[in-house]
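Survey of secondary and tertiary structure
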Amino acid sequence: MSKKKQHEDVEKELAQEVENETVLEEIVDDEIDELAALQAKLDEMENKYLKAHAEMQNNQRRANEERQTILKYRSQDLARKVLPSLDNLERALAVEGLTDDVKKGLEMTQESLLNALKEEGVVEVATEGEFDPNFHMSVQTAPADDEHPADTIAQVLQKGYQLHERNLRPAMVVVYQ
């Protein structure tokens, strides 16, 4: 074989190798682009998953809080309906001329109602000291003096009640002005 022929063969082989390398580089570039696209899609899906997971946890937390609130205040409506009966028992006990047996029966009934309400978290609104518009409703005023400063409660006309920290009914009071 001649040197020229050998040289042409070597040039052909080199040209073929360069062509093969170019093709391989294009394949690698295509694979890298495809891999980058898949990685971007994976990142997007992971982000969507994390958002959905966080939203689900927030929904569960809110549902648990709502359940706890419902349980905490479940007796609110019943308590509001029972309070007028409790007021009537107090009025009946204030009547003069009751026999001891009747008075004792009314007191026992009143005590059992108060205990049942207390077990559910219903307590009487405090009416000692200063007037608080969050818990008291002023229905009348009385003149203030040295012994009775302004904005203090003079008299309780109707007791107020609250269930845990929620006001069921404000106390109706007379306030010194």
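For every chain, the first residue of its written sequence is number 1, and the numbers climb from 1 along that sequence. Local features in this predicted model are restricted to residues of pLDDT 70 or higher, and side-chain atom pairs are both shown and tallied only at a pLDDT of 80 or more, whereas totals for entire chains, interfaces and linings draw on every residue. To get the side-chain values, all heavy atoms of the structure are used, and hydrogens and water are removed first.

Under an unreviewed UniProt entry, the protein chain has the name Protein GrpE and belongs to Pseudolactococcus reticulitermitis. The UniProt entry for the protein chain carries this comment under Sequence similarities (unreviewed entry): "Belongs to the GrpE family." UniProt positions are given in the numbering used here, feature names are shortened, and annotations may be inferred rather than shown by experiment.

Turning next to the UniProt feature "coiled-coil region" (unreviewed entry) in the protein chain. UniProt marks residues 28-62 with the feature "coiled-coil region" (unreviewed entry), using the numbering shown here. End-to-end, the C-alpha atoms of residues 28-62 are 50 Å apart, and along that stretch the chain is 100% helix and 0% strand. By the criteria applied, helices consist of DSSP H or I runs no shorter than four residues and strands consist of E runs no shorter than two, each listed in order from the N terminus.

By the secondary structure assignment, E8 is in helix 1 (residues 3-72). Residues E8 and Q76, 68 residues apart in the sequence, show an inter-C-alpha distance of 101 Å.

What follows concerns the environment of F131. Turning to its location among the elements, F131 is positioned in the loop between strand 1 (122-124) and strand 2 (136-142). Separated by 100 residues in sequence, F131 and E31 place their C-alpha atoms 79 Å apart. We call two residues in contact when some of their heavy atoms are within 4.5 Å. Sequence-distant contacts of F131, that is, excluding residues within four places in its chain, are made with H136, M137, S138, D151, T152, I153, V173 and V175.

Another aspect to go through is the pattern of salt bridges. Opposite charge on two side chains makes pairing possible when the charged atoms of those side chains draw close. Salt bridge, as applied in this entry: a Lys or Arg side-chain nitrogen positioned within 4 Å of an Asp or Glu carboxyl oxygen. For the coordinates displayed, the defined rule picks out seven salt bridges. Residue D87 pairs with R169 through a salt bridge whose shortest N-O separation is 2.7 Å. Here D87, found in helix 2 (residues 76-94), pairs with R169, found in strand 5 (residues 166-169); they are 82 residues apart in sequence, far enough to count as distant. In this scheme, a residue with accessible area under 20% of its type's maximum is buried, one over 50% is exposed, and one in between is partly exposed, where area comes from a 1.4 Å probe on protein chains only. Residue classification places R169 among the buried residues on the basis of a relative accessible area of 14%. The partner of K159 in a salt bridge is E124, and the shortest N-O contact between them spans 3.6 Å. Residue K159 is found in the loop between strand 3 (153-158) and strand 4 (161-163), and its partner E124 is found in strand 1; the two are separated by 35 residues along the sequence. A residue is classified by how much of its surface remains accessible, and K159, at 26% relative accessible area, is partly exposed.

Side chains that are nonpolar tend, in soluble globular proteins, to be buried together. Nine residue types can take part in a nonpolar core, namely buried Ala, Val, Leu, Ile, Met, Phe, Trp, Tyr and Cys, and a core is a set of them joined through side-chain atoms within 4.5 Å. Grouped together as the largest cluster of nonpolar side chains are ten residues: Y73, A79, V82, L83, L86, L117, V122, Y161, L163 and L168. Counting only elements with at least two residues in this core, the list comes to helix 2 and strand 4. Broken down by element, the residue count for this core peaks at four residues, all from helix 2. With near-sequence residues (within four places) excluded, Y73 lies in contact with L163, H164, E165 and R166.

This part is about the domain arrangement of the protein chain. Its domain assignment divides the protein chain into domain 1 (1-73) and domain 2 (74-176). Bear in mind that the domain bounds are from an automatic or database domain assignment. For domain 1 and domain 2, the distance between their C-alpha centres works out to 72 Å. The interface of domain 1 with domain 2 comprises five residues on the first partner and seven residues on the second. With both sides pooled, the region where domain 1 packs onto domain 2 buries about 570 Å², and carbon together with sulfur makes up 45% of that total. The term buried area means the drop in 1.4 Å probe accessible area that two parts suffer when joined, counted for both and summed. For domain 1, the biggest contributors to the area lost against domain 2 are L71, K72 and Y73; these three give 93% of the whole. Taken together, the links from domain 1 to domain 2 amount to one salt bridge. What qualifies as a polar contact is a pair of N or O atoms within 3.5 Å, subject to a donor-acceptor requirement within protein and to the restriction that residues adjacent in sequence count only when both atoms come from side chains. Where domain 1 meets domain 2, there are seven residue pairs in polar contact (both at pLDDT 80 or more). Here the residues of the side of domain 1 that touches domain 2 sort into three nonpolar, one polar and one charged. Asp, Glu, Lys and Arg are counted as charged, while Ala, Val, Leu, Ile, Met, Phe, Trp, Tyr, Cys and Pro are counted as nonpolar; the rest, among them Gly, fall into the polar class.

A separate point is the pairing of strand 5. Note on pairing: DSSP must find at least two bridges between two strands before they are called paired. Strand direction decides the pairing type here: strand 4 and strand 5, joined by three bridges, are antiparallel. Note on strand 5: the bridge partner recorded for L163 is R166. Linking strand 4 back to strand 5 in an antiparallel pair, the connection comprises two residues, with H164 at a positive phi of about 55 degrees.

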